[in-house]
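# Fold and geometry: a report
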Amino acid sequence: MQRLLIDGRVRHQAQAVLGGRRPDFVLPDVATLNRAQDRDTLILSLKTTLRERWKQLGLERPHAPVFLATVDDRVSSEAIADMARSGIVLVVPESLKASKEAVYEKQNEVITFRDFFDEEILARRPSLLLAG
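Residues numbered from 1 in each chain as written. Predicted model: local features only at pLDDT ≥ 70, side-chain atom pairs only at ≥ 80, totals over all residues. Heavy atoms only, no water.

Right, let's get into the overall build of the protein. Helices and strands together make up the secondary structure of the protein, namely 5 helices and 6 strands. The order of helices and strands in the protein, counted from the N terminus, is α-β-β-α-β-β-α-β-α-β-α. The C-alpha radius of gyration of the protein comes to 14 Å, within 12% of the 14 Å expected for a compact globule of 132 residues. Counting only C-alpha atoms, the protein reaches 40 × 35 × 25 Å along its principal axes. Residues classed as buried in the protein amount to 42% of the 132 residues present. (Helix = DSSP H or I, 4+ residues; strand = E, 2+ residues; numbered from the N terminus. Rg over C-alpha atoms; globule rule 2.2 N^0.38 Å. Buried < 20%, exposed > 50% of the residue type's maximum accessible area, 1.4 Å probe, protein only.)

Take the sheet that holds strand β6 (residues 110-112) next. The sheet built from 6 strands is open, its strands ordered β1-β2-β3-β4-β5-β6 with mixed pairing. The open sheet has two edge strands, β1 (13-14) and β6, and neither has a second partner. Helix α3 (residues 77-85) rests against β4 (66-69), β5 (88-92) and β6 of the sheet, and its axis sits at about 130 degrees to β5. Contacts between helix α5 (residues 113-123) and the sheet are confined to β2 (25-27), β3 (42-46), β4, β5 and β6, with β6 contributing the most and set at about 90 degrees to the helix. (Pairing = 2+ DSSP bridges. Contact = heavy atoms within 4.5 Å. Axes fitted to C-alpha atoms, helices over the stretch in contact; angles between N-to-C directions.)

Moving on, we get to the pairing of β4. The alternating pattern of β4 places Val66 and Leu68 on one face and Phe67 and Ala69 on the opposite face, and all of these are buried. Here 4 bridges tie β4 to β5, and the two strands are oriented parallel to one another. Within the sheet, the bridge partner assigned to Phe67 lies in β5 and is Val89.

Before going further, it helps to spend a moment on the nonpolar core. By size, the foremost hydrophobic cluster in this structure holds 22 residues, and its most contacted members are Leu68, Val75, Met83, Leu90 and Tyr104. Among residues more than four places away in sequence, those in contact with Tyr104 are Thr70, Asp72, Asp73, Val75, Ile80, Leu90, Val92, Leu96, Lys97 and Val110. In terms of nonpolar packing, the next biggest core, distinct from the first, is built from 15 residues, Phe25, Leu27, Phe117 and Leu128 among them. (Core = buried A, V, L, I, M, F, W, Y, C linked by side-chain atoms within 4.5 Å.)

To continue, consider the side chain of Thr41. Within the fold, Thr41 resides in the loop between α2 (30-33) and β3. With a relative accessible area of 1%, Thr41 lands in the buried category. In contact with Thr41, other than residues within four places in its own chain, are Leu27, Pro28, Thr32, Leu33, His63, Ala64, Pro65 and Arg125.

Attention shifts here to unusual backbone geometry. Across the junction of Leu27 and Pro28, the peptide omega takes the value 0 degrees, indicating a cis bond. By the secondary structure assignment, Pro28 is in the loop between β2 and α2. Located in the positive-phi region is Arg9, a residue other than glycine, with phi close to 60 degrees. Topologically, Arg9 is positioned in the loop between α1 (2-7) and β1. In the Ramachandran plot, Gln15 falls in the positive-phi region, its phi being about 55 degrees despite a non-glycine side chain.

Structural data, given as structure tokens:
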């Protein structure tokens, strides 16, 4: 994922300490995140498999949206609804979102990696992009 952020020229800080936790990425950085009035921030966490570990992300959520990227195809509709109620947006590969074997296809609370980059960064937070 860091390669995608670098290649996409997205400002980010990896493994920053944030309230005793260490989310995978803070966009653009912890200093900006700590300025509560700055809306162009987000937290991106990565988990290969979710189980119940997504619940710890609520603790990593100071004043920024939390996005959870995974390749786990066994997440239940109930868990997705719980994440949405906790303010966590699930991000999955396009192939997984379209898969008939996973429950993601009809879940509006689940976005693809393309949606994450195109909508959440390019459209909503263009200040996260490096100039040039």
